[in-house]
Amino acid sequence: MDYYHISAQELGKGAKLPILKLGDSGEVFYEMAAEMCAAIRANNAAGKPTVFICPVGPVGQYPIFVRLVNREQLSLRNCWFINMDEYLDENKQYLPKTDPLSFRGGMDRIFYGLVDPELLMPEEQRIFPEPGNEDRIWETIQKLGKLDVEPDSGAMTAFADRTLGKIFADSENRVYSPISLYVALSMLTEMTAGETKQQVMELLSAADSETLRQTVRDLWLSAYIDDGKSVCRLANGAFLRENADVKQEAVDALADWYYASTYRVPMGTEEADKAIAGWLNQNTGGLLSEETGNIRTDGNDLLRLYNTIYYKSGWQDAFKSSQTKQDTFTAANGAKQKTEFMHRTESGSYRKGDGYTAAPRSLNYGRMVFVLPDEGMTPESLLQRQGFLTELTGDYNAAELVWSVPKFDVKSSTELNGVLQALGVTDAFDMAEADFTPLTDNGAFLSSAMQAARVKIDEDGVEAAAYTELVCADSAMMEVPPTVEMDLDRPFLFVIFDYNNVPLFVGTVNTVA
């Protein structure tokens, strides 16, 4: 695609966010003002704050916005307007508001000074970058964002509990990201209908599509951080077969509700394999490049859905490298393995549960809970227990913790076809029963599902990544062929064609005697 010459018909295809095409700048400014009013109106009704990050250029929306606010008497008292930038003088201090370059003065003249005073937000809620206190904007966004986004962690934890027992079924090292599978399956619901969709919805404990979309949005926004100390980010991708006959509405839903990037690729080629692997590597910090290097698309692949999660955060109190020493780890099979153990003694908390002892270590973003099974118990037996993750979010008691933790780098690839079918998602895998009509009228089914994940820890902190892959194939192209017996034990005819279908010979065989 030539990105400098995109037709109106092509504009927006494959975009991460929906694009509204308008006639001219006047329409754009009016639409911006109307959307701002609509957001404030909805949040006011729900008792929620409204947070906007505002430019000082373009500014054509502000006179329209002021007129709509004053006419409607729309209160801005629970709004925070955060401006992106400001000019400073040679001493790195604010310019006076009277200076033509002052954005603070400019916003007063075109916006704040024109709103009816009883409707206007307090001055402390009109935020500009502040010399010497540059972190204030980020801290404000973090604080206000958490007020506005409260994910349904109960639904996510319940989903994790239901799936853990099926995934951790042996004593091999395994890593699993419940949030990645949850989001990927949520995208699948947009591609399916009828009983096929209902089975996935029941696994996700989702009452309806709108609720599920909101849950995923809240999970997405609440999990996100990239503050220079920690990173946690999700990404969604949808790779469609080049020239595949699919319904644009379903593809648009992935962008609109799941922030998915969409691409058209020639499935079954090295080009498609590399495009998908490159996207996955970019969104997983390169931690799973060995797994992505093994991706092989098929010409029958109609759609490949991907969710990724990348996480990196340091310990709030790092282990000291000088305290790291060789020690012995006893493997599940009884083998004695020499490896490096990190050591630290600190005040903390622990939980003595039924068959285990758990203790958390705080990270700059989140925490890592280590669970040591009692002698005779296995990690897998604990993960089979319904509600186990919920237990780990319960009360802990103060303790002096003496840590001895092996440095590790664990990764796995888990085939999910059998797992999902055991959990009740069966129709999607059945070519005869799968209902993918929101995506295509030509027939499709879920041909494969898998997840690759990796977690590694050292003295400094934790780095982790995962991707979930759902592959939808054309059922029309992959129908199981019937068994046809060609037992030529009676008269028959034959035709010999060349490569261009020119009939070279035609004959009959009525007797072989």
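Residues numbered from 1 in each chain as written. Predicted model: local features only at pLDDT ≥ 70, side-chain atom pairs only at ≥ 80, totals over all residues. Heavy atoms only, no water.

Draft legend 1. The arrangement of helix α3 (residues 103–110) in detail. Regarding α3, the residues found buried are F103, R104, G105, G106 and M107. Elements in contact with the buried residues of α3: α2 (61–72) and β2 (79–83). Looking at where α3 begins, the residue whose side-chain oxygen comes 3.4 Å from the main-chain nitrogen of R104 is S102. (Buried < 20%, exposed > 50% of the residue type's maximum accessible area, 1.4 Å probe, protein only. Helix = DSSP H or I, 4+ residues; strand = E, 2+ residues; numbered from the N terminus. Contact = heavy atoms within 4.5 Å. Polar contact = N/O pair within 3.5 Å; in protein donor to acceptor, adjacent residues only side chain to side chain.)

Draft legend 2. Representation of the pairing of strand β14 (residues 444–457) in the model. For β14, the buried fraction is high: 11 of the 14 residues fall into the buried class. Note that strand β13 (residues 408–415) and β14 share eight bridges and pair antiparallel. Opposite T414, over in β14, you have Q451 as the bridge partner. The sheet contact formed by β14 and strand β15 (residues 461–474) spans 13 bridges and is antiparallel. Each bridged residue has a counterpart across the sheet, and for L446 the counterpart in β15 is C472. What sits between β14 and β15 in their antiparallel hairpin is a turn of three residues. (Pairing = 2+ DSSP bridges.)

Draft legend 3. How the structure looks around a nonpolar patch on the surface. A surface patch of nonpolar side chains, amounting to about 300 Å² of accessible area, comprises L20, L22, V28 and M32. Along the chain, L20 turns up in the segment before α1 (25–46). (Patch = residues over 30% accessible without salt bridge, like charges linked within 9 Å, V, L, I, M, F, W, Y side chains within 5 Å. Areas by Shrake-Rupley, 256 points an atom, 1.4 Å probe, with all protein chains shown as cover. Salt bridge = Lys/Arg side-chain N within 4 Å of Asp/Glu carboxyl O.)

Draft legend 4. Quick look at the nonpolar core. Of all hydrophobic cores here, the largest spans 83 residues; its most connected members are F159, Y182, L185, L188, L305, F436 and I457. Sequence-distant contacts of Y182, defined by excluding residues within four places in its chain, comprise A155, M156, F159, L204, L212, T215, V216 and L219. Grouped together as the second largest cluster of nonpolar side chains are 25 residues, I40, L68, V69 and M107 included. (Core = buried A, V, L, I, M, F, W, Y, C linked by side-chain atoms within 4.5 Å.)

Draft legend 5. Structural detail: the sheet that holds strand β3 (residues 126–127). If you trace the three strands from one edge of the open sheet to the other, you get β1-β2-β3, paired in parallel fashion. Among the strands making up the open sheet, the edge pair consists of β1 (50–54) and β3. Across two bridges, β2 lies against β3 in parallel orientation. By the bridge assignment for β3, I82 is matched with I127.

Draft legend 6. Representation of the pattern of salt bridges. Summed over all chains, the structure comprises 22 salt bridges. We note a salt bridge from E291 to K411, for which the minimum N-O separation is 3.4 Å. In this pair, E291 sits in helix α11 (residues 289–292) while K411 sits in strand β13, placing the two residues 120 residues apart along the sequence. Owing to a relative accessible area of 13%, E291 belongs among the buried residues under this scheme.

Draft legend 7. Highlighting the pairing of β2. Among the five residues in β2, five count as buried, and that is most of the element. Along β2, one buried face is formed by C79, F81 and N83 and the opposite face, lined by W80 and I82, is buried too. The parallel pair β1 and β2, bridged by α2, forms a crossover whose chirality is right-handed. As a crossover connection, the stretch from β2 through α3 into β3 is right-handed. (Right-handed = clockwise from strand over helix to strand, strands pointing away.)

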